Amino acid sequence: MRKLHLLLLFISILFIACQPKVDPNKNPNKELSQSEHLVMSADWFQKSAEMRASFYQAYNLASYKLKEHVNNYKGEKPTAVVLDIDETVLDNSPFEKHLIDKGELYNSAGWKEWTDKGAAKKLPGALEFTNYAKELGVEVIYISNRKVNELEKTIENLKAAGFPNAAKEFVILREMDKSGNKTERRNNVNEKYETLLYVGDNLTDYSQIFSDRGEDLGFKIVDEYKSDFGEKFILLPNPMYGEWEGAIYGNDYSLAPEKKRALRKQILEGY
Ligand SMILES: [Mg+2]
């Protein structure tokens with residue numbers, strides 16, 4: 001019996017010794033798919049407790065500020081809070097996982113396939129906040145760059161996730177022939193309502209002044225408006241995509257995947 005044990009131990013040691021040595025610093029996949037870089041950001045968004053805490057933190061602050069603004073408001077117009085939809089109230093990270101599996105980047109046909117399912121889940125804190133806004137008598141309005149041909153399914157999705165005001169009157173999407181600039185839609189809302197707070201994952205969910213990021217990627221303009229953040233605009237973290245990424249590519253998403261990968265590295269500051 002003892003001999004058998006020794007023999008098994010010897011075989012085990014031999015097996016381990018014969019395994020090929022993997023250098024963790026060397027990438028065994030020479031050909032990374034063009035969506036490989038999304039893995040880490042989608043992991044963070046979907047599977048980190050820090051993401052959950054960040055969303056709670058942002059929506060807790062949103063509730064606190066909204067109450068304060070309601071108390072200070074002396075105007076006549078009815079009040080509103082304007083929220084973006086994607087990565088603000090609804091979680092599309094399963095679509096990112098789909099892109100990773102397929103080795104693809106964002107494309108509008110694939111996106112439409114996903115939104116047609118109406119299956120996006122609510123993001124942490126979003127439902128509590130929107131319900132609280134209603135309780136305070138503040139209208140909840142969604143302005144999103146989903147296209148108008150996604151309206152029906154978007155409303156269904158918001159309804160299924162339990163959100164208030166999941167109705168045509170309050171869900172304002174992007175016309176098929178228009179750009180993603182939300183200014184006109186915000187202005188239309190502000191004719192009827194006094195918007196007390198904006199919530200979104202992209203700076204232009206607050207104002208178009210942040211769209212022209214230039215060489216410094218928008219840092220200067222953000223510094224100029226720093227007192228607005230957490231006061232008039234609640235920004236949610238989105239490491240998966242956004243105008244910040246476009247700025248790295250000089251707003252040219254048509255660049256080849258290798259070029260984009262190179263730019264993502266080149267832009268980093270080292271020591
Ligand atoms: Mg968004």
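Residues numbered from 1 in each chain as written. Predicted model: local features only at pLDDT ≥ 70, side-chain atom pairs only at ≥ 80, totals over all residues.

**Comments concerning helix α3 (residues 49–72)**
In a regular helix each residue adds 1.5 Å, so 24 residues correspond to 34 Å; α3 covers 35 Å between its end C-alpha atoms and thus fits that length. Turning to α3, its buried residues number three or more, namely Met51, Phe55, Ala58, Tyr59, Ala62 and Leu66. Where α3 is buried, its residues touch α2 (38–47), β1 (79–83), α6 (126–135), β6 (194–200) and β7 (233–235). (Helix = DSSP H or I, 4+ residues; strand = E, 2+ residues; numbered from the N terminus. Expected span 1.5 Å × (residues − 1). Buried ≥ 20, exposed ≤ 12 C-beta atoms within 10 Å, placed from the backbone. Contact = placed C-beta atoms within 7 Å.)

**A word on the nonpolar core**
Of all hydrophobic cores here, the largest spans 44 residues; its most connected members are Ala62, Val81 and Leu197. Looking at which element gives the most residues to this core, the answer is α3, with 6 residues. Sequence-distant contacts of Ala62, defined by excluding residues within four places in its chain, comprise Phe129, Leu197, Val199 and Ile234. (Core = buried A, V, L, I, M, F, W, Y, C linked by C-beta atoms within 7 Å.)

**Observations regarding unusual backbone geometry**
Even without being glycine, Leu217 reaches a positive phi, approximately 65 degrees. Along the chain, the position of Leu217 falls in the loop between β6 and α9 (219–224). Owing to 14 C-beta atoms within 10 Å, Leu217 belongs among the partly exposed residues under this scheme.

**Remarks on the confidence of the model for the protein chain**
For the protein chain, per-residue confidence averages 92 on the pLDDT scale, and residues scoring 70 or more make up 89% of the total. Segment residues 22–27 is flagged for pLDDT under 50; beyond a separation of four residues in sequence, or across chains, it makes 0 contacts in the model. (pLDDT = per-residue confidence, 0-100.)

**Side note on the pairing of strand β5 (residues 171–174)**
Here strand β4 (residues 139–147) pairs with β5 via 3 bridges, running parallel. Each residue of the ladder has a partner; that of Lys147, found in β5, is Arg174. The handedness of the β4 to β5 crossover, carried by helix α7 (residues 151–160), is right-handed. (Pairing = 2+ DSSP bridges. Right-handed = clockwise from strand over helix to strand, strands pointing away.)

**What about the sheet that holds β1?**
Pairing in this open sheet of 5 strands is parallel, and the strands run β5-β4-β1-β6-β7 from one edge to the other. Looking at the sheet topology across the chains shown, the edges are occupied by β5 and β7. Recorded for the sheet is a direction-independent mean angle of 20 degrees between the axes of neighbouring strands. (Axes fitted to C-alpha atoms, helices over the stretch in contact; angles between N-to-C directions.)

**As for the packing of α2 against helix α4 (residues 93–102)**
The contact between α2 and α4 brings their axes to 10 Å, and the two run at 155 degrees. Taken together, the axes of α2 and α4 lie roughly antiparallel to each other. The two elements α2 and α4 meet at a crossing, and its hand is left-handed. Contacts from Leu38, Val39, Ala42, Phe45 and Gln46 in α2 reach Ser93, Glu96, Lys97, Leu99 and Ile100 in α4. By residue class, the composition of the contact of α2 with α4 is 6 nonpolar, 2 polar and 2 charged. (Parallel < 35°, antiparallel > 145°, perpendicular 65-115°, else oblique. Left-handed = near helix turned anticlockwise from the far one by under 90°. Nonpolar A, V, L, I, M, F, W, Y, C, P; charged D, E, K, R; others polar.)

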